[in-house]
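Topology and contacts: notes
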Amino acid sequence: MSANSIGFVGLGIMGKPMAKNLIDAGYSVTVFDLNQAAVNELVDYGGKLAKSNRDLANHSNHIITMVPDSSDSEKAILGDNGVLQGASAGNTIIDMSSIAPGVSQKIAKGCENNGVNFLDAPVSGGEPKAIDGSLAIMVGGKKDIFQECKPILTVLGASIILCGDYGAGNTTKLANQIIVAANIEAVAEALVLVKKAGLDPSVVFDAIKGGLAGSTVLNAKAPMMIKGDFSPGFRIKLHQKDLHNALLTGKELGVPLPVTGLIQQMIGSLINKGKSELDHSAIANFLEDMAQIEIKD
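Calculation criteria
- Residues numbered from 1 in each chain as written.
- Predicted model: local features only at pLDDT ≥ 70, side-chain atom pairs only at ≥ 80, totals over all residues.
- Heavy atoms only, no water.
- Salt bridge = Lys/Arg side-chain N within 4 Å of Asp/Glu carboxyl O.
- Buried < 20%, exposed > 50% of the residue type's maximum accessible area, 1.4 Å probe, protein only.
- Helix = DSSP H or I, 4+ residues; strand = E, 2+ residues; numbered from the N terminus.
- Expected span 1.5 Å × (residues − 1).
- Contact = heavy atoms within 4.5 Å.
- Phe/Tyr/Trp six-rings, centres within 6.5 Å; stacked < 30°, edge-to-face > 60°.
- Axes fitted to C-alpha atoms, helices over the stretch in contact; angles between N-to-C directions.
- Left-handed = near helix turned anticlockwise from the far one by under 90°.
- Nonpolar A, V, L, I, M, F, W, Y, C, P; charged D, E, K, R; others polar.
- Pairing = 2+ DSSP bridges.
- Right-handed = clockwise from strand over helix to strand, strands pointing away.
- Core = buried A, V, L, I, M, F, W, Y, C linked by side-chain atoms within 4.5 Å.

Some thoughts on the pattern of salt bridges
The final tally for this structure, using the stated rule, is 10 salt bridges. For aspartate 206, the salt bridge goes to lysine 209, with nearest N and O atoms at 3.3 Å. Taking relative accessible area as the criterion, lysine 209 reaches 38% and is therefore assigned partly exposed. One salt bridge connects glutamate 277 with arginine 235, and the closest N-O pair in it is separated by 3.2 Å. Of this pair, glutamate 277 sits in the loop between α13 (258-272) and α14 (283-291) while arginine 235 sits in the loop between α11 (216-227) and α12 (236-253), placing them 42 residues apart in sequence. With a relative accessible area of 23%, arginine 235 lands in the partly exposed category. Salt bridges linked by common partners bring Lys16, Lys20 and Glu41 together as one network.

So this is what it looks like as structure tokens:
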């Protein structure tokens, strides 16, 4: 087995370009996903085919998982025919999924019991930054393992920070998702307001983006709202999952999260209307419905 062999589980909107970037960087990448079309695309790109998570781990020194939720990470890593059943002592599992911090700690314990290293390393930046390899990566785990894995993570991200021990990466990601959700909701409120007042949202966006209201979220999401284009870069149902995990963590720690709870309810309403697959910028649709006006021309 080559020292630069990587297994990659999960070839969705984020995982697919991340795996391609590793191949481009010269790593030998073995892939697995339940979506056979995604697997075939990566094999055509230069990846190697695995029959299962366990099989993938048999051929990899480092295994990256990038799946939707806590239960998916548990199943992929700890489940029957999972990664841990194929991993050898001294291998490293890097779970880059955004999941509940407590589940990351549970997976870490299972890995340690089998002599396998573990990092939780969720990401932020959406599909565009996954494609260009400039994700923000928030890591939890042991410092020596983090340093050993940093060359791999550098292929995928521009900001790579060790935030603490197991679970710290996902706790940091929850903080990130609270801020992103609140920012998107505020951008939507503002654009609905100016449109109702008879102003051009594009002009208002240009006027404010260079001031204190300017942000990465504003620059990325306001144009989508103005165009009415909610093609998914990060699906709204996944943001609901993240806010749910934030609220659960807040409950465990005794931390009220009132704005997080409100926005989660907005997202829940949109999901009930069949909008779960839209980009999370579609939070704007909730505000548009309330005001009976669309931001786009």
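We are not done yet, so read on.
As for helix α6 (residues 101-113)
Across its 13 residues, α6 extends 19 Å between first and last C-alpha, which sits within 8% of the 18 Å expected from 1.5 Å per residue. Among all positions of α6, only Pro101, Val103, Ser104, Ile107, Ala108, Gly110 and Cys111 are buried. Where α6 is buried, its residues contact α4 (70-78), α5 (83-86), β5 (92-95), β6 (117-120), α9 (168-196) and α12. One or two residues past the end of α6 sits glycine 115, with phi positive at roughly 75°.

Overview of the packing of aromatic side chains
This model, assessed by the stated rule, comprises 1 aromatic pair. With 6.1 Å between their ring centres and 55° between their planes, phenylalanine 118 and tyrosine 166 make a pair best called tilted. Remark: tyrosine 166 occurs in the loop between β9 (157-164) and α9 and phenylalanine 118 occurs in strand β6; sequence separation between them is 48 residues. Tyrosine 166 carries the same exposure label as phenylalanine 118, and that label is buried.

Things to note about the packing of α9 against α14
The N-to-C vectors of α9 and α14 enclose an angle of 35°; their axes lie 9 Å apart at closest approach. As α9 runs across α14, the sense of the crossing is right-handed. Contacts between α9 and α14 pair Ala181, Ile184, Glu185, Ala188, Glu189, Val192 and Lys196 from the former with Ile283, Ala284, Leu287, Glu288 and Ala291 from the latter. Of the residues contributing to the contact of α9 with α14, the split by class is 8 nonpolar, no polar and 4 charged.

Re the pairing of strand β1 (residues 5-9)
Within β1, 5 of the 5 residues are buried, which leaves the element mostly enclosed by the surrounding structure. Residues Ser5, Gly7 and Val9 line one face of β1 and the alternating positions Ile6 and Phe8 line the opposite face, and both faces are buried. Of the pairings in the sheet, the one linking β1 to strand β2 (residues 28-32) comprises 5 bridges and is parallel in character. Bridge pairing in β2 places phenylalanine 8 opposite valine 31. Note that β1 and strand β4 (residues 62-65) share 4 bridges and pair parallel. When the sheet's bridge partners are listed, valine 9 is paired in β4 with threonine 65.

What about the environment of threonine 249?
Mapped onto the fold, threonine 249 is located in helix α12. Sequence spacing of threonine 249 and glycine 110 is 139 residues, and the spatial spacing of their C-alpha atoms is 21 Å. Residues in contact with threonine 249, not counting those within four places in the same chain, are Pro101 and Leu174.

Regarding unusual backbone geometry
Glycine aside, residues mostly have negative phi, and peptide bonds are mostly found in the trans state. For asparagine 81, which is not glycine, the phi torsion reads 65° and is therefore positive. Locating asparagine 81 in the fold gives a position in the loop between α4 and α5. The phi torsion at glutamine 292 lies on the positive side, around 60°, for a residue other than glycine. Relative to the elements of secondary structure, glutamine 292 occurs in the segment after α14. For glutamine 292, a relative accessible area of 66% gives the class exposed.

Re the pairing of β2
Along β2, 5 of the 5 residues are buried, which leaves the element largely enclosed by surrounding structure. Because side chains alternate across β2, one face comprises the buried residues Ser28, Thr30 and Phe32, and the other comprises Val29 and Val31, equally buried. In this view, the connection linking β1 to its parallel neighbour β2 by way of helix α1 (residues 15-24) has right-handed handedness.

A word on α1
Burial of α1 is extensive: 8 of the 10 residues sit out of reach of the surface. Residue glycine 26 follows α1 closely and has a positive phi angle near 100°.

Points about the nonpolar core
By size, the foremost hydrophobic cluster in this structure holds 32 residues, and its most contacted members are Phe8, Met18, Leu22, Ile64, Met96 and Ile137. Of all the secondary-structure elements, those providing two or more residues to this core are β1, α1, β2, α2 (36-45), β8 (135-141) and α8 (143-156). With 6 residues, α8 is the largest single contributor of residues to this core. With sequence-adjacent residues up to four places away left out, phenylalanine 8 is seen in contact with Gly15, Met18, Ala19, Leu22, Val29, Thr30, Val31, Phe32, Leu56, Ile64 and Met66. Within the second largest apolar cluster, 28 residues are counted, among which are Ala188, Phe205, Ile263 and Ala282.

By themselves, these figures tell us nothing about what the structure is for.
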